[in-house]
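Analysis of the macromolecular model
Residue-level listing of the chains:
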Amino acid sequence: PSNAIDTDALIIGAGPIGLFQAFQLGLQGIKAHLVDALPHVGGQCAQLYGHKPIYDIPGIPVCTGKELVQLLDQQIAPMNLPRHLNQQVQSLSRLADGRWQAVTTAGTQFHTRSVFVAAGVGAFVPKALKVAGVDQLAADQLLYHPSETSSALGRSVLIYGGDEEAVQAAIDCASLAAKTRLMHRRDTFNAAPDQLARLQALRDSGAIEVVIGQITEVQQNAGQLQALQWMDGEGREQTLRVDWLLVYLGISPRLGPIADWGMAIEKKQLVIDPATMATSAQGIYAVGDIVSYPGKKKLILCGFHEATMAAFAAAEYLQGEKPLLQYTTTSAKLHAILGVH
Ligand code: FAD
């Protein structure tokens, strides 16, 4: 018996195009599941320019990256899309019955009749701390970019990094932890003015100790973090007793395993037929920044069109007949799907 999730469609990537893909599939009556490596939806819009304005979404004169993601999320709410976040699709292989099996880094398995690769510029994954001892640590001893830090309670915590998220984590831990240290290469932090002011106040009161240096080794005992070896600005090695390590070295996209899934690729883009968005593998479609075809533009607007083309083509593949074009304005069938009258 398999504990795989059975579905008609799997969307890999929850960027703007993966989200709109879910909407278009929903209008075709196709139920989908959604996977993303990040702990939140929105892809590049949320991760790379959440607070910056976008001016070229049709009908929306201006909105920020995060606002666009919120609007898309609101639009797809009627589709009740199950989300599997914080996990990367690792393997994709064909089953004997023609369906596809996808397995994620969290061990989630899907058996799906169709796949929509909306992987953009790749999976957003945190940059790993590469020092001796890290691989021997138990999973909860070192966390990358956690947004939730309540288990700092009573512990001796070291936050490693210099960006907004690292500063915020230090501020959050300061009221909970027995000891809060923020370690960075230099004494400058890249965060909002109010965060920097709060950090300074907590440094002044002794609630946060800033340490200027770099981790060189992690000391553990049976997987439990004991101490860090670190190097200060003068190149001197020192030791700090620490029992929780939060690492914020940045999150960047990696194309990752997609290149091994057997689809035609050109210059790191999936080759598709723009009439259907079908890749060279039957039942697998690709949309958004990950695809290449003559005239392709890496714009959100173009990805929305591609998601629509892919949904029509997949409806024909899954349902055995060409779907009729219906208007959301007037179709009773679409109104029922959208829950409107
Ligand atoms: P992405 O947004 O890249 O999302 C892909 C998602 O897939 C990611 O969340 C990633 O984690 C996930 N993923 C990938 N592989 C896997 C895997 N194996 N398993 C699980 N998850 C995976 N476009 C415009 O139209 N207008 C603009 O004004 C504009 N401004 C921009 C400004 C900046 C600074 C940048 C960087 C881009 C801008 N863009 C703009 C481009 C736009 O953001 C992209 O075209 C758009 O994000 C592409 O969407 P996508 O859904 O295809 O991919």
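Keep in mind it's a predicted model, so treat the numbers as computed, not measured.

Focus on the domain arrangement of the protein
Domains assigned within the protein are domain 1 (5–125 + 252–338) and domain 2 (128–249). Taking the mean C-alpha position of each, domain 1 and domain 2 sit 36 Å from one another.

A few points about the site of the ligand
What surrounds the ligand is a group of 31 residues, the closest being D36, Q44, Y49, V89 and D289. The separation between an oxygen atom of the ligand and a polar main-chain atom of I300 is 2.9 Å. Protein burial of the ligand: of its 1000 Å² of free accessible surface, 86% is covered by the chains. Of all the elements in the fold, those that place two or more residues in the shell around the ligand are α1 (16–27), α2 (43–47) and β9 (123–126). With three residues, α1 is the single largest residue contributor to the shell around the ligand. Grouping the constituent residues of the shell around the ligand by class yields 17 nonpolar, 10 polar and four charged.

Regarding the packing of aromatic side chains
With the rule as written, the count across this model stands at three aromatic pairs. Judged by centre distance (5.7 Å) and plane angle (25°), the rings of F20 and F23 are stacked. Taken together, the residues F20 and F23, both in helix α1 and three residues apart, mark about one turn of the helix. Assigned by exposure class, F20 and F23 land together as buried. Relative to Y285, the ring of F116 has its centre 5.3 Å away and its plane inclined at 15°; by these criteria the two rings are stacked. Linking F116 in strand β8 (residues 109–117) with Y285 in strand β20 (residues 284–286), this pair joins segments that are 169 residues apart in sequence. You'll find F116 and Y285 in the same group, each marked buried.

Re the side chain of D232
Here D232 lies in strand β14 (residues 224–232). The class for D232 is buried, based on a relative accessible area of 9%. Those residues in contact with D232 that sit more than four places away from it in its chain are I212, G213 and Q238.

Observations regarding α1
For α1, spanning 12 residues, the distance from its first C-alpha to its last is 17 Å, which sits close to the expected 16 Å at 1.5 Å a residue. Counted residue by residue, α1 has 12 buried out of 12 residues, so it is predominantly covered. Within α1 the residues assigned to the buried category are P16, I17, G18, L19, F20, Q21, A22, F23, Q24, L25, G26 and L27. Count one or two residues on from α1 and you reach G29, which has phi positive near 75°.

Quick notes on the sheet that holds strand β15 (residues 237–241)
An order of β10-β16-β11-β12-β13-β14-β15 is seen for the seven strands of this open sheet, with the pairing classed as mixed. Bordering the open sheet on either side are β10 (142–144) and β15, each of which pairs with just one other strand. On average, each strand axis in the sheet is inclined to that of its neighbour by 35°, with strand direction left out of account. With eight bridges connecting them, strand β13 (residues 209–221) and β14 associate as antiparallel partners. Considered in β14, the bridge of N221 is made with Q224.

Definitions and cut-offs
Residues numbered from 1 in each chain as written. Predicted model: local features only at pLDDT ≥ 70, side-chain atom pairs only at ≥ 80, totals over all residues. Heavy atoms only, no water. Domains from an automatic or database assignment. Near = heavy atom within 4 Å. Polar contact = N/O pair within 3.5 Å; in protein donor to acceptor, adjacent residues only side chain to side chain. Areas by Shrake-Rupley, 256 points an atom, 1.4 Å probe, with all protein chains shown as cover. Helix = DSSP H or I, 4+ residues; strand = E, 2+ residues; numbered from the N terminus. Nonpolar A, V, L, I, M, F, W, Y, C, P; charged D, E, K, R; others polar. Phe/Tyr/Trp six-rings, centres within 6.5 Å; stacked < 30°, edge-to-face > 60°. Buried < 20%, exposed > 50% of the residue type's maximum accessible area, 1.4 Å probe, protein only. Contact = heavy atoms within 4.5 Å. Expected span 1.5 Å × (residues − 1). Pairing = 2+ DSSP bridges. Axes fitted to C-alpha atoms, helices over the stretch in contact; angles between N-to-C directions.

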